[in-house]
Amino acid sequence: MLCGCSKDAASIEDRISDTREILEDHRGNINQEMLKATLAGAEKGDPESEWKLGGLMLMIFTYVGGDDDALELENFWFQKAAEDGCPYAMLDLAMRLNGVKELPEEKRAELARKGVQLIQAKAEKNEQDARYLSSCYAEGIGVEKDLDTAYKWYVQFIEKAEPSPERRKAAIERWRASYNMPPLAE
């Protein structure tokens, strides 16, 4: 484990069962088809499914007012996904996008470097990976801070994600302003 949780000895089956129990209370807020596939994937050890369960627990804890059990399961699933090779979980942990606070800085840096390496190879084809890389380069997470490279990845992301030229331009201008970059020349 990346850090200790109070249920270290709990089996994956126990964690799945605990996760199902919490998610049952929020059944109306979650797409059941997606949930079924995600739980099945996590039972098989699929790292992206584990990462998605961590995300569901994070949403429940943060937005719906989940309890400490949801927080513990969030930590468990994000850490398990990172250990199992999910680059998104690695970067989420490195960027502190969840409640895990027990990770030492050197472990966070190692996860960030590895996560960036895994995503870099896929980012040319996947706009969400380009978005992750933009954040990493903008903040210096797992790579040297480089706003020009961050901008390149953000533009690649927004050009695929936003079909409207006007909205795309507005999003790019907002991004540039958030990093104190000058507006684009007309």
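Every value quoted in this text rests on a predicted model; they were computed, and no experiment measured them.

Calculation notes
- Residues numbered from 1 in each chain as written.
- Predicted model: local features only at pLDDT ≥ 70, side-chain atom pairs only at ≥ 80, totals over all residues.
- Heavy atoms only, no water.
- Phe/Tyr/Trp six-rings, centres within 6.5 Å; stacked < 30°, edge-to-face > 60°.
- Buried < 20%, exposed > 50% of the residue type's maximum accessible area, 1.4 Å probe, protein only.
- Patch = residues over 30% accessible without salt bridge, like charges linked within 9 Å, V, L, I, M, F, W, Y side chains within 5 Å.
- Areas by Shrake-Rupley, 256 points an atom, 1.4 Å probe, with all protein chains shown as cover.
- Salt bridge = Lys/Arg side-chain N within 4 Å of Asp/Glu carboxyl O.
- Lys, Arg positive; Asp, Glu negative; His and termini not counted.
- Charge placed at Lys NZ, Arg CZ, Asp CG, Glu CD.
- Helix = DSSP H or I, 4+ residues; strand = E, 2+ residues; numbered from the N terminus.
- Axes fitted to C-alpha atoms, helices over the stretch in contact; angles between N-to-C directions.
- Parallel < 35°, antiparallel > 145°, perpendicular 65-115°, else oblique.
- Left-handed = near helix turned anticlockwise from the far one by under 90°.
- Contact = heavy atoms within 4.5 Å.
- Nonpolar A, V, L, I, M, F, W, Y, C, P; charged D, E, K, R; others polar.

Asks: Can you walk me through the packing of aromatic side chains in this structure?
Replies: Two aromatic rings, taken as a pair, are described by how far apart their centres are and by the angle between their planes. One pass over the structure, following the stated rule, counts seven aromatic pairs. Here the aromatic rings of Phe76 and Trp77 are separated by 4.9 Å at their centres, their planes lie at 75°, and the arrangement is edge-to-face. Just as Phe76 is buried, Trp77 falls in that class too. Consider the rings of Trp175 and Tyr179, whose centres lie 4.8 Å apart with planes at 45°: the pair is tilted. Residue class for Trp175 comes out buried when judged on its relative accessible area of 9%. Judged by its relative accessible area of 23%, Tyr179 falls in the partly exposed class.

Asks: Help me understand a negative patch on the surface in this model?
Replies: On the surface, Glu21, Asp25, Asp67, Asp68 and Asp69 cluster together into a negatively charged patch. Mapping Asp25 onto the fold places it in the loop between helix 1 (12-24) and helix 2 (32-43). For Asp25, a relative accessible area of 64% corresponds to the exposed category.

Asks: What is the right way to look at the packing of helix 5 (residues 87-94) against helix 7 (residues 127-139) in this model?
Replies: When two helices pack together, you describe them by how their axes are tilted relative to each other and by the distance separating the axes. Running from N to C, helix 5 and helix 7 cross one another at 30°; their axes reach a closest spacing of 12 Å. With respect to helix 7, the element helix 5 is oriented roughly parallel. Relative to helix 7, the crossing made by helix 5 is left-handed. Along the contact surface, helix 5 presents Tyr88, Leu91 and Asp92, while helix 7 presents Asp129, Tyr132 and Cys136. For the contact of helix 5 with helix 7, the per-class residue count stands at four nonpolar, no polar and two charged.

Asks: Before we go on, may I ask you to explain the pattern of salt bridges in this structure?
Replies: For side chains of opposite charge, pairing can occur when their charged atoms come near one another. For the structure on display, the rule yields five salt bridges. Between Glu50 and Lys80 there is a salt bridge whose closest N-O contact spans 3.4 Å. A residue pair is termed long-range when its members are at least 10 positions apart, and Glu50 in helix 3 (residues 47-64) and Lys80 in helix 4 (residues 68-83) qualify at 30 residues. Pair check on accessibility: Glu50 and Lys80 agree, each one buried. In this structure, Glu162 engages Arg167 in a salt bridge whose closest nitrogen and oxygen atoms are separated by 3.4 Å. Given the relative accessible area of 14%, Glu162 is considered buried. Given the relative accessible area of 55%, Arg167 is considered exposed.

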